[in-house]
Every structure is written in structure tokens, then in C-alpha cells.
Protein chains: 2
Amino acid sequence: MTGAAVPGGWVLGVDSGGTGVRVALARDGVVLGERRMPVAVRTSASGIDAAAMLDLVLPAAADLIGGAGAGPLTAAAMGAAGMVSLGDGLRAAVPRALGEAFGARVVALAGDAVTAYAGALGNRSGAVVAAGTGLIALGTDLRGPWRRVDGWGHLLGDCGSGAWIGRAGLEAAMRAHDGRRGGSKPLLAALEAVFGPAASMPGRLYPRADRPAVLASFVPEVARCAAEGDPVAADVLERAAGHIADAAAAACPPGQDRAVACTGGVFGIGEPLLRPFREELARLCPRARVVAAEGDPLLGAVRIASALADGTLRLPVEEPLLTVTAQPDTGGRTSTGGR
Amino acid sequence: MTGAAVPGGWVLGVDSGGTGVRVALARDGVVLGERRMPVAVRTSASGIDAAAMLDLVLPAAADLIGGAGAGPLTAAAMGAAGMVSLGDGLRAAVPRALGEAFGARVVALAGDAVTAYAGALGNRSGAVVAAGTGLIALGTDLRGPWRRVDGWGHLLGDCGSGAWIGRAGLEAAMRAHDGRRGGSKPLLAALEAVFGPAASMPGRLYPRADRPAVLASFVPEVARCAAEGDPVAADVLERAAGHIADAAAAACPPGQDRAVACTGGVFGIGEPLLRPFREELARLCPRARVVAAEGDPLLGAVRIASALADGTLRLPVEEPLLTVTAQPDTGGRTSTGGR
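- Chain A goes by ATPase BadF/BadG/BcrA/BcrD type domain-containing protein in an unreviewed UniProt entry, where it is assigned to Wenjunlia tyrosinilytica.

Set out below in C-alpha cells:
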């Protein structure tokens, strides 16, 4: 059936993050195939490289569509790290490219927090905290705009993120090196095992362009030291949990029994982080109910595309978090941006 | 007496910081003239630009020496921000240049914390906390090596510094913007008055190379909000005071009745910072006695040069904090670096 037109329903989802790009083809809400390219798309201060993104996505999508014998796409959705602040190039190029290549009539471009939300909760109201190297929380009651909380980067916020936890652990190590209050000898030993002599640490961190990632790379050591009984490392995790609860509570929409889901690598720390997070969130925001995420951001992109295809999207369309572009040359509506 | 040889005693002091370079000529401990060039010496990841430093210092020194009718220098000392981690070029070039130009027989190169120490306490044992954009504490009992504490930069430490206070204030502002716990509406209003809309703050901070200075530029707003009764801003200052006390306590040498001096722009905040600092230091380190700094880092450089000239230097000579180089071609000892 390769190349044959199939009426309606074929959708494409794309998820682009720091470790690579994934593309999925779906129909009637069922993912029929997936490709993973372990290459991060180039991102500079001037934006995400749209040409590099399309060079990865278009062949993978063509491969999936050809392999499935799929017809023209009804809709597509792409979530990307950096979309909110650095996505102008993607917003300008991707909808037309997917329309021209695969006939996609409507294309959504979303921040990775929005695809994380859609993957975790789908079309439900609630809040999602995405905590990896950075941290952002998004909430919605499906009526007003997104409730966006934090995501301000490692100097202004991202409180409780991987960069936050790693930074706090490294500070505690340097305090032990100095003989200052609040130091941790186990964290100092971990720093020296990972990075070398403590006094050389500034030279290993500050010249790097990816300082937040370097900070976050220390999270496993903080988690290990906490698990082995170091009270300073355990306190770092407890404080991180409090910050994550702060973000979840602020993002959680008013109402009763609101679902709150957690996604991202930081939650891989497990109970030493999750237990104090649940306890603090219950105190701050009794209406929140912590639920497991249903799926990942790639599923979220597929869900957004599917909801666009059948007209059931309830998540707030609000530039730059979530932009929807219909293709004028394929008979769709012509609209961009917020409701 | 221009150009005439005067036996012994003429010394040169240099202080280089973020706002410019100062040069002083002294004899018998008395400063006879001073020049100030409001130009910061270029500093990159590869080091402080030694040629640019000498282009500023040599003409000013020649001017001072000529004006005073001074003979050859007995000794010179230069303190510079960045000397400890980025001073290899200065250590290679400055002693010979000052020897060739002015006959300086012995030249000291010091981190700005060492000249701050010498300016504040001279040849006495004790500790000095220097808190500007960054924060470092140095202590000595005049027998062992320097007790160096913090100075690890804005991600690993510099706890209680201008960058630390400004960053904490900006985080509290963004918390208020998000509706998170720990936010301060007065700090949010201050952020928006200084930088513009809160959501644009990441774009105003992260692309800058001088992020610590941008963070520290918010200190006056934190101090003002605290003075006007904002409890969040006051708490930022109290926590900063605690961190500064931590650093002073760790740097303070063992013994009785040790002098601890505070230098740097952060202490311009005054009692809202100094009161909790003194209280916390008294708890942590009862042997510490807070004293006023006698002078500034330029006086410190002059004092180090004078002490080298008359053989009375008691501060630890320890690379890279304090390096002393004697000129072989002027009959002096040939030595570089630590004792």
C-alpha cells in the first residue's frame, strides 16, 4: 500500500531532547513504528537549527510512512527542548516542510514540557513537573492559559533540578575541602573521584558551555552518598524535594483531586526524593494527587497530533508553549499561535 | 634628583581589579604618589593579559618615579584579581619587566585576597574576608601555609558574595512571579524595574559573559527591599551573613583573640549584614575579634613591597597566592614560589 492515500488518521510525533530525536508514526491512537536518532540537534544562542532538525526527521518519517504504507499525514506534532525560547526557526520552517513532504494539514510545535504533560496526563487537567537537568512545571484546568512555573535556568531557578542537586552537592564538597560548616566528606571524596582535586574544580566547570549538564552529572553521587547515610547529601535531596513540591503546588490548577505527575531523570533517584516530595506537596497543596505518568514526551507528541487530527485537543494553544499551524495550501484553516 | 640612585627604600605597589589599575610609589612605609587608570586589564580563559598590564603600569610607574626623583626600586608588589588561577602570564613577565625598567631587585605577585589581607591586617596573624562580586577568606598564623576558604566562583561557592546575594534575590523575584513559596513581590518589582519583564530575565542573563557581575548588580535592590521591611530580602542578607561567618571561621587560625577584618563592596550594605555576621561569627568562632580594615589592597601591595625591601615579610610566600621573585641580574637571590 506504499504511497496509497489512506483517508484520515495518520499522524506523526517528534520528540527532540539533549540525547537525540525520536519520531513515531501512529493511527487511531496506536503507535505503529518508531525511529530513534541518537544525535542532539544543534542549538545556539540564535536558536535550534531547523535545517539540522529536518535533516534528521524527514528521512526517518519517510521511512516510517513508507514502511507502514501510510497515506498523507492528517497532523503532526513536534516537541523540542528549547522550543519556548529558541524555537523561532522551527516555528518558521517545520510546518511547511512537513506539509510539503507528507501532506500534513496541521502541525503543532510544543515545548518539551508540553509534550511531557501530554504524555503524562493526556487531555486531562492537572500538573506535570519535568525535572531533568532543568526543572519546569506546567498546569492547566483546560480553560485558562498554561500555569507555567520555573524553568528559569540554573542561576534564576530550576530549583530542585538535576543542576540544582548537583550544584548543592558540589558546594557541600567544597565546604568540606575548606573546613566550612555544612561540608560533606563523602561528597568531597566523590567530587575528587569524578573530577580530580577539589582545587581544580573551578577550572573544570567554568570554561564549559554546558555547565548545567556538568552540575547535573554529579546527581548520581549525591544520591549514592545519601543512600549510604551521609546526612548532608540526604538534606540536599530533601531540600530539592521541597522545591519540586513548591513548583508542583504553584502549577496545580484550582479544584478538587487534581492529578500531578512527575517526569524526568531526577525522579530516578526514587524514594529518597519522592517520599519527601509527596509529604511536602500534601502539606502545600492538599488538592493534588500524585499519579504515575502514563507515557513519555514522544507519546505526548503523538497524542497532541492525534487530538489535532480528530479535533479533540483540549490543552491550551498558547505561543510559545504550544503553537498550531494549519496549512493554507492543503485546504486547512490558516492560523498560528494562541487561541 | 630625577634619575639619581637613592640607596634602598623605594618601593612600588600595584592593585589591579575589575574597575581599573592603581599604582603607588612609597618610601619608608609612606605613600608618596598614586596613579589610577580606570581600565580593567583584559582577562580571558587563557589568562590575564600581561602585555596590557605592563602597558598600563610601566608608564604610570615611570611618571611617579620621575616626579618623586626616586632612584631604582628596591622592591615591587602587584596584586591582581584572577592572579591565583589566571596569573601565569603575569608571573612570567612582570618581575623581569619591573627589574629592567626600574631596577626592582625583588618582585611579589599576589592574589587580590592577599593584598586585601596585607592592606587590612599588615603583618599580623588573623583572617580577612573579601566579599565583592565573589567571596574569599584568607587566614594565617604566620607559621603554616595560608588558610584559603571559598573563592570557588558563583556555582561552586562564593557563598555570601555579591553574586550570591543578587542571585538569591532574583530567585525570590522569580518565585513571586510564579506564585511559588518563598517569593518576594518587592524583589519582583525591583527586578522588573531594573531588567524588564520577569519572563525576559533568562535572555538578559545567560548570554552574558559576566553573569556573576549581572547577578551582583542586584545587591543594592536586595539591600533596599530589606531596609524597607521585606522579610524575604532580609532573610537573604541573614543567610549571606551566615555564609560569610562560615568562611571567616574556617579561615581564622587557631589561638586567642584573632583579628578578623572584612573588606569589599558587600560590606557596604552595613548593619543589616554586619550585625548577623558578627553574631554568627561569635557563635562559631569565639576566638575571632572583628576589627576594621586598616587599608585597601593598594596599601596591601605597598606593605608587601616594603616588607620585602626591609626583610620583614611575615605573610606566607606560597604559589600561587603569593609569589616572590628575586632578579638574578641585579645581584639578588634567584628564587620563585613557595618557601
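What follows continues from the structure just given.
Re the domain arrangement of chain A
For interface size, the figure often reported is the accessible area lost on association.
All names here are of chain A.
Next up, step 1: Domain assignment breaks chain A into domain 1 (10-114 + 296-330) and domain 2 (126-291).
Next up, step 2: Spacing between the C-alpha centres of domain 1 and domain 2 amounts to 29 Å.
Next up, step 3: Contacts between the two partners involve nine residues from domain 1 and, on the opposite side, eight residues from domain 2.
Next up, step 4: Around 810 Å² of area is buried between domain 1 and domain 2 when both sides are counted, 75% of it from carbon and sulfur atoms.
Next up, step 5: In this structure, the connection of domain 1 to domain 2 is made through two residue pairs in polar contact (both at pLDDT 80 or more).
Next up, step 6: Here the residues of the side of domain 1 that touches domain 2 sort into seven nonpolar, no polar and two charged.

Side note on the pairing of strand 12 (residues 288-291) of chain B
All names here are of chain B.
Next up, step 1: Sheet analysis places strand 11 (residues 258-263) next to strand 12, joined by four bridges and oriented parallel. Residue pairing across strands places A259 opposite R289, the latter belonging to strand 12.
Next up, step 2: Read from strand 11 through helix 11 (residues 271-284) to strand 12, the crossover connection turns out right-handed.

Quick notes on the environment of S200 of chain A
Next up, step 1: Its place among the elements puts S200 of chain A in the loop between helix 6 (185-195) and helix 7 (201-205).
Next up, step 2: For the pair S200 of chain A and G33 of chain A, spaced 167 residues apart in sequence, the C-alpha separation works out to 47 Å.

A short note on the packing of aromatic side chains
Next up, step 1: Summed over all chains, the structure comprises six aromatic pairs over all chains.
Next up, step 2: With centroids separated by 6.2 Å and ring planes inclined at 45°, the aromatic side chains of F195 of chain A and F218 of chain A adopt a geometry described as tilted. With a gap of 23 residues between them, F195 of chain A in helix 6 and F218 of chain A in the loop between helix 8 (211-216) and helix 9 (219-227) connect regions that are remote in the sequence.
Next up, step 3: With centroids separated by 5.2 Å and ring planes inclined at 75°, the aromatic side chains of Y117 of chain B and W146 of chain B adopt a geometry described as edge-to-face. You can see Y117 of chain B sitting in helix 4 (residues 112-121) and its partner W146 of chain B sitting in the loop between strand 9 (135-140) and strand 10 (147-150), a full 29 residues away along the chain.
Next up, step 4: Using a relative accessible area of 0% as the deciding quantity, one classes Y117 of chain B as buried.

Quick word on the UniProt feature "domain: ATPase BadF/BadG/BcrA/BcrD type" (unreviewed entry) in chain A
Next up, step 1: The feature "domain: ATPase BadF/BadG/BcrA/BcrD type" (unreviewed entry), as annotated in UniProt, sits at residues 12-302 of chain A in this numbering.
Next up, step 2: Helix makes up 47% of residues 12-302 of chain A and strand 22%, and the two end C-alpha atoms of the span are 6 Å apart.

Notes on the nonpolar core
Next up, step 1: Ranked by internal contacts, the top residues of the largest apolar core, which has 114 residues, are I165, L191 and L281 of chain A together with I165, L191 and L281 of chain B.
Next up, step 2: When neighbours within four sequence positions are excluded, I165 of chain B is seen to be in contact with G160, V219, V222, V236, L237, A240, V266 and I269 of chain B.

Topic: the packing of helix 5 (residues 162-178) of chain A against helix 10 (residues 231-251) of chain A
All names here are of chain A.
Next up, step 1: Between helix 5 and helix 10, the shortest axis-to-axis distance is 10 Å and the interhelical angle comes to 150°. Relative to helix 10, the element helix 5 lies roughly antiparallel. In the packing of helix 5 onto helix 10, the handedness of the crossing is right-handed. Where helix 5 approaches helix 10, its residues W164, I165, A168, G169 and A172 are matched on the opposing element by V232, V236, L237, R239, A240 and H243.
Next up, step 2: Looking at the contact of helix 5 with helix 10 residue by residue, the class counts come to eight nonpolar, two polar and one charged.

Considering the sheet that holds strand 12 (residues 288-291) of chain A
Residues and elements named next belong to chain A.
Next up, step 1: Reading across the sheet, the five strands line up as 10-9-8-11-12 and stay open at both edges, with mixed pairing between neighbours. The strands lining the two open edges of the sheet, one partner per strand, are strand 10 (147-150) and strand 12. The sheet shows a mean angle of 20° between the axes of neighbouring strands, taken without regard to direction.
Next up, step 2: The pairing of strand 8 (residues 126-131) with strand 11 (residues 258-263) spans five bridges and is classified as parallel. Note on strand 11: the bridge partner recorded for V128 is A261.
Next up, step 3: Docked against the sheet, helix 4 (residues 112-121) engages strand 8, strand 9 (135-140), strand 11 and strand 12, running at close to 120° with respect to strand 8.

Analysis parameters
- Residues numbered from 1 in each chain as written.
- Chains lettered and ligands numbered in written order.
- Predicted model: local features only at pLDDT ≥ 70, side-chain atom pairs only at ≥ 80, totals over all residues.
- Heavy atoms only, no water.
- Domains from an automatic or database assignment.
- Contact = heavy atoms within 4.5 Å.
- Buried area = accessible area lost by both parts, 1.4 Å probe.
- Polar contact = N/O pair within 3.5 Å; in protein donor to acceptor, adjacent residues only side chain to side chain.
- Nonpolar A, V, L, I, M, F, W, Y, C, P; charged D, E, K, R; others polar.
- Pairing = 2+ DSSP bridges.
- Helix = DSSP H or I, 4+ residues; strand = E, 2+ residues; numbered from the N terminus.
- Right-handed = clockwise from strand over helix to strand, strands pointing away.
- Phe/Tyr/Trp six-rings, centres within 6.5 Å; stacked < 30°, edge-to-face > 60°.
- Buried < 20%, exposed > 50% of the residue type's maximum accessible area, 1.4 Å probe, protein only.
- UniProt positions renumbered as here; feature names shortened; annotations may be inferred.
- Core = buried A, V, L, I, M, F, W, Y, C linked by side-chain atoms within 4.5 Å.
- Axes fitted to C-alpha atoms, helices over the stretch in contact; angles between N-to-C directions.
- Parallel < 35°, antiparallel > 145°, perpendicular 65-115°, else oblique.
- Left-handed = near helix turned anticlockwise from the far one by under 90°.

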